[in-house]
Amino acid sequence: MIRQWSRTLWHGVLVLGLAGALAACGGSSSSGDGDADADADGDADTDADADADADTDADSDTDADDCGGACSPPDSYCDDGACVPGCVTPEGRCGFGETCDPVTGRCSGGGDADSDADTDTDADTDVDADADVDTDTDTDADGDTDTAGYPCPDPGATFNEADPGYSVFLMISAMEMMGQSIGLAAGGVTQAAREEFGGVAAPDAIPPDTCRVDTIVEPTPECASAADCAPEQSCLPETDAEGAPIAGTERCVTEGLEALDVGPIRVGTMTMAYNPGQSGAYTMGGQGDGQVDPNSLPYGQLLQIRGDGDPAGLGLGPLGGNLYLPPRLELTSPEPVMSQMRFPQIEGVDPAGDFAMTWSGSNPDGVLLINLTGGSMQGTSGSVTCAAVDDGEFTIPGDMVAAAGLGQYSMFNQLTLTRRSVGEICGEGLTASEATSEMMIMMFVKPAQ
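Residues numbered from 1 in each chain as written. Predicted model: local features only at pLDDT ≥ 70, side-chain atom pairs only at ≥ 80, totals over all residues. Heavy atoms only, no water.

### Regarding the sheet that holds strand β19 (residues 355-359)
For step 1, the next point in the chain: Taking strand neighbours across the sheet as the criterion, the 3 strands line up as β16-β19-β22 in an open arrangement whose pairing is antiparallel. Across the chains shown, the open sheet's two edge strands, defined by having one partner strand only, are β16 (331-333) and β22 (393-396). Taken pair by pair, the neighbouring strands of this sheet meet at an average axis angle of 40°, ignoring direction.
For step 2, the next point in the chain: Pairing geometry for β19 and β22, over 4 bridges, is antiparallel. Paired with phenylalanine 355 across the strands is isoleucine 396, a residue of β22. (Pairing = 2+ DSSP bridges. Helix = DSSP H or I, 4+ residues; strand = E, 2+ residues; numbered from the N terminus. Axes fitted to C-alpha atoms, helices over the stretch in contact; angles between N-to-C directions.)

Have a look at this one:
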């Protein structure tokens with residue numbers, strides 16, 4: 001399935017990046033809220049806008065949104081100081097549930113289009129000059145209009161053999177790993193598979209601002225042979241980066257699902273399209289292998305997802321949704337330094353004392369996962385994971401640092417910070433969907449001697 005392709009690619013990107021970094025040494029791994037939506041942007045707005053999306057409305061805001069008369073409504077209109085195609089043109093047509101104004105060329109009545117006619121008189125300083133650009137990380141549907149008019153998949157639904165519907169998967173990720181920057185934007189569309197319904201319950205979450213020692217749990221197979229699976233499924237193991245099977249990971253998997261071309265899918269200003277060169281995966285512009293320049297990603301924005309629906313009449317209607325791309329992550333204290341082998345690392349960490357740290361791009365409504373793993377030439381000593389409220393600072397308690405078992409040499413000790421977000425994709429005929437984004441940084445740790 002395309003979803004497996006995307007995850008395999010991202011895992012491969014991590015492994016290859018790590019392998020390349022070690023080779024250089026000489027051969028040596030959402031936030032969502034209850035959404036009271038009170039517009040968390042930093043300007044002094046006094047209007048009554050309470051939506052959480054990046055508005056594209058045609059209200060009568062008097063913010064500094066002037067193109068100097070260069071636009072020609074309805075073929076084009078001024079948006080943030082630039083002329084953009086009007087909805088009367090093929091390039092600017094409206095999404096599902098929206099109405100095109102033949103006079104102004106703007107869309108209204110669905111998606112992000114506000115129905116209010118407010119006239120702002122405040123001194124806005126936000127980038128979106130005709131509306132507020134909220135910085136919250138809402139990924140739910142109550143109160144937001146990113147999915148208005150788009151039927152959403154039922155999370156409690158069971159697999160319907162007679163009408164399985166369709167599945168859409170999108171993922172945007174960026175990471176800093178031992179001084180290397182890697183980005184990924186990929187996804188895909190297939191018929192929904194049985195294994196996407198009624199999945200295994202997620203393990204217990206770590207309470208906010210607490211840590212726990214990771215334990216190694218031997219994988220348990222879900223099946224022994226195809227006889228344990230549905231007729232259309234096979235019993236297959238997961239594989240490692242080299243394609244070798246991992247014992248104990250056998251599960252029922254639907255093989256041979258055709259990757260579908262349902263037209264381009266827009267995620268913010270990015271466009272993903274069917275890529276025949278990558279087994280039908282969706283990649284940027286339908287080209288490449290899914291890897292992107294991480295510096296080009298729109299960090300810290302709530303991205304609107306839109307698709308026009310399949311042109312082949314398969315029964316998949318227009319798509320609508322949203323995905324929050326977290327701010328780019330950077331460890332600010334302790335400040336990483338360059339090792340003799342030219343890798344960034346943290347130095348002077350007390351192997352049995354508190355480990356305080358700060359980072360950039362805080363998101364108080366979210367959680368930052370922090371993993372500290374120690375090791376030596378004989379193997380991994382230990383690992384601890386903390387779920388820190390993403391407010392920019394956290395201290396790993398000394399007993400947890402000790403449990404990680406930091407080794408003498410920094411290249412065997414790793415600190416990983418991960419910031420994740422889960423979005424939503426809805427549409428007629430869509431029975432399963434997944435939209436995720438992730439920021440990650442990984443570096444070595446040198447303990448105090």
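This is not the end of the story, as more comes after the structure.
### Notes on the environment of glycine 392
For step 1, the next point in the chain: Within the fold, glycine 392 resides in the loop between β21 (379-389) and β22.
For step 2, the next point in the chain: In this structure glycine 392 touches Met357, Thr358, Trp359 and Ser362, once residues within four positions along its chain are discounted. (Contact = heavy atoms within 4.5 Å.)

### Observations concerning the pattern of salt bridges
For step 1, the next point in the chain: For the structure on display, the rule yields 7 salt bridges.
For step 2, the next point in the chain: A salt bridge links glutamate 238 to arginine 251, with the shortest nitrogen-to-oxygen separation between them at 3.7 Å. One end of the pair, glutamate 238, is in the loop between β8 (233-236) and β9 (251-254); the other, arginine 251, is in strand β9, and 13 residues separate them in sequence.
For step 3, the next point in the chain: Since its relative accessible area comes to 25%, arginine 251 is described here as partly exposed.
For step 4, the next point in the chain: One salt-bridge network, held together by shared partners, links Glu161, Arg194 and Glu232. (Salt bridge = Lys/Arg side-chain N within 4 Å of Asp/Glu carboxyl O. Buried < 20%, exposed > 50% of the residue type's maximum accessible area, 1.4 Å probe, protein only.)

### Things to note about empty space enclosed by the protein
For step 1, the next point in the chain: Space inside the second largest cavity adds up to approximately 40 Å³.
For step 2, the next point in the chain: Forming the walls of the second largest cavity are Ala174, Met175, Glu176, Tyr299, Arg328, Leu329, Met439, Met440 and Ile441.
For step 3, the next point in the chain: Broken down by secondary-structure element, the contributors of at least two residues to the lining of the second largest cavity are β5 (166-177) and β25 (430-447).
For step 4, the next point in the chain: Broken down by class, the residue content of the lining of the second largest cavity amounts to 7 nonpolar, no polar and 2 charged. (1 Å grid on protein atoms, 1.4 Å probe; cavity = no way out; pocket = protein on both sides within 12 Å on 5 of 7 lines; lining within 4 Å. Points joined across faces, edges and corners; volume = space filled by probe spheres on them. Nonpolar A, V, L, I, M, F, W, Y, C, P; charged D, E, K, R; others polar.)

### Here we look at the state of the cysteines
For step 1, the next point in the chain: Summed over all chains, the structure comprises 6 disulfides.
For step 2, the next point in the chain: Across a sulfur-sulfur distance of 2.1 Å, cysteine 71 and cysteine 83 are joined as a disulfide pair. The S-S bond linking cysteine 71 to cysteine 83 shows a torsion near -100°; that makes this disulfide left-handed. Taken together, the residues cysteine 71 in the loop between α1 (2-24) and β1 (76-79) and cysteine 83 in strand β2 (residues 82-85) connect sequence positions 12 residues apart.
For step 3, the next point in the chain: On the basis of relative accessibility, which here comes to 39%, the residue cysteine 83 falls in the partly exposed class.
For step 4, the next point in the chain: Here cysteine 211 connects covalently by a disulfide to cysteine 386, the sulfurs 2.0 Å from one another. Taking the sign of the S-S torsion, 100° for the link of cysteine 211 and cysteine 386, the bridge is right-handed. Of this pair, cysteine 211 sits in strand β7 (residues 210-213) while cysteine 386 sits in strand β21, and the two are 175 residues apart along the sequence. (Disulfide = S-S within 2.5 Å.)

### Quick word on the environment of glutamine 345
For step 1, the next point in the chain: The topology assignment puts glutamine 345 in strand β18 (residues 344-349).
For step 2, the next point in the chain: Taking C-alpha positions, glutamine 345 is 7.5 Å from serine 410, a pair spaced 65 residues apart along the chain.
For step 3, the next point in the chain: For glutamine 345, the contacting residues outside a window of four places in its chain are Pro336, Val337, Ser339, Ser410, Phe444 and Lys446.

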